[in-house]
Amino acid sequence: MTNGLISNELIQVEERLFSLVENTNEVYSSLLDFLKLPSKRIRSKLGLLYLKANNIEVSDTIISVLVAGELIHNASLIHDDIIDSSALRRGEKTIESKFDTQTAVLCGDYLLSVAAEELLKLNNKDIQIKFFNCTKNMAQAEIMQNINKGRIPQNDVYINICKGKTACLFSTILESLASLSGLDTNIATKLGEFFGVIFQIKNDLEPNSAKNDKQNRIYTAADIFSIEKTKALIDNYFEEMSGLIQKLPENEYKKALEDLIKELCLIRKNLKQG
């Protein structure tokens, strides 16, 4: 249902995304195949639903912001696969597995440069700075996680890592979209941050991620918090997000946004001790 409401806009995002990547040799071809693997496009989906719920028409500029977000996200996945020594991503061989570490690093860097190029087209210095700061925060969070390998971090350190690794990109995308659309940027930023933190916690608790984290001696929510405290944390974020979108106009997009948030927070029902 959610995808159907914004299917045309998601198609525009993907068409622009794929068109920006060169396809002149085997490496670029594999990189394009990587981008075309099944993906929920959750960052674009959240942004589009938020705008449409606010009765904002989706412009070419908005598509550019979403595409930049997708490029940065996918670059981070390629780099994450190198750090985690992952052989598979979305059921297929990672770029590193297909080629080598050096090529994978360069592919991730290439996507970041394409994202920067797309952002420069906006001719909006404030949004460009937001995204450049975001990529810096993402790198700093990965560094923090890496130096904490083998040690259980304090609660606030783990949450800050979640904010930097994942929530920062969600909040930067939503803040930028709100700024372009004349909406309250504070509300959009908070919604993106809360959604992103829970998204990272959810990802950490999924079997494959949990297995990789264990192999890499990375401690996450299941190790740091008790089950009850983790549930309470998720409940708190859910209430915060629900409050932020409460005053949106009553329409099908708001309902789809509410459903997306509820679906994300369902992870609490699957939490079990041990």
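Treat the numbers as computed from the prediction; the structure is a model and nothing was measured. (Residues numbered from 1 in each chain as written. Predicted model: local features only at pLDDT ≥ 70, side-chain atom pairs only at ≥ 80, totals over all residues. Heavy atoms only, no water.)

Comments concerning the layout of surface pockets
Space left empty within the atom packing is revealed by a probe, the size of a water molecule, rolled over the atoms. Looking at the largest pocket, its volume works out to about 1,500 Å³. If you trace the largest pocket, you find 48 residues lining it, with Leu77, Asp80, Arg89, Asn203 and Ser209 closest to the centre. Mapped by element, the contributors of at least two residues to the lining of the largest pocket are helix 4 (42–53), helix 5 (60–84), strand 1 (88–89), helix 8 (125–147), helix 9 (155–181), helix 10 (185–205) and helix 11 (207–215). Counting residues per element, the lining of the largest pocket draws most heavily on helix 5, at eleven residues. The residue makeup of the lining of the largest pocket, split by class, is 16 nonpolar, 16 polar and 16 charged. (1 Å grid on protein atoms, 1.4 Å probe; cavity = no way out; pocket = protein on both sides within 12 Å on 5 of 7 lines; lining within 4 Å. Points joined across faces, edges and corners; volume = space filled by probe spheres on them. Helix = DSSP H or I, 4+ residues; strand = E, 2+ residues; numbered from the N terminus. Nonpolar A, V, L, I, M, F, W, Y, C, P; charged D, E, K, R; others polar.)

Considering empty space enclosed by the protein
According to the stated counting rule, one finds one cavity of 30 Å³ or more in the structure shown. In terms of lining, the largest cavity is formed by Gln145, Asn148, Lys149, Arg151, Pro153, Tyr158, Ile161, Arg217, Ile218, Tyr219 and Thr220. Among the residues making up the lining of the largest cavity, the classes are represented as five nonpolar, three polar and three charged.

Focus on the side chain of lysine 165
Structurally, lysine 165 can be placed in helix 9. Look at lysine 165: it is buried, it has no salt bridge, and the nearest opposite charge is glutamate 142 at 4.3 Å. A distance of 3.3 Å separates the side chain of lysine 165 from the side chain of glutamine 145, its partner in a polar contact. Not counting chain neighbours up to four residues away, the residues in contact with lysine 165 comprise Met138, Ala141, Glu142, Gln145 and Gln200. (Buried < 20%, exposed > 50% of the residue type's maximum accessible area, 1.4 Å probe, protein only. Lys, Arg positive; Asp, Glu negative; His and termini not counted. Salt bridge = Lys/Arg side-chain N within 4 Å of Asp/Glu carboxyl O. Polar contact = N/O pair within 3.5 Å; in protein donor to acceptor, adjacent residues only side chain to side chain. Contact = heavy atoms within 4.5 Å.)

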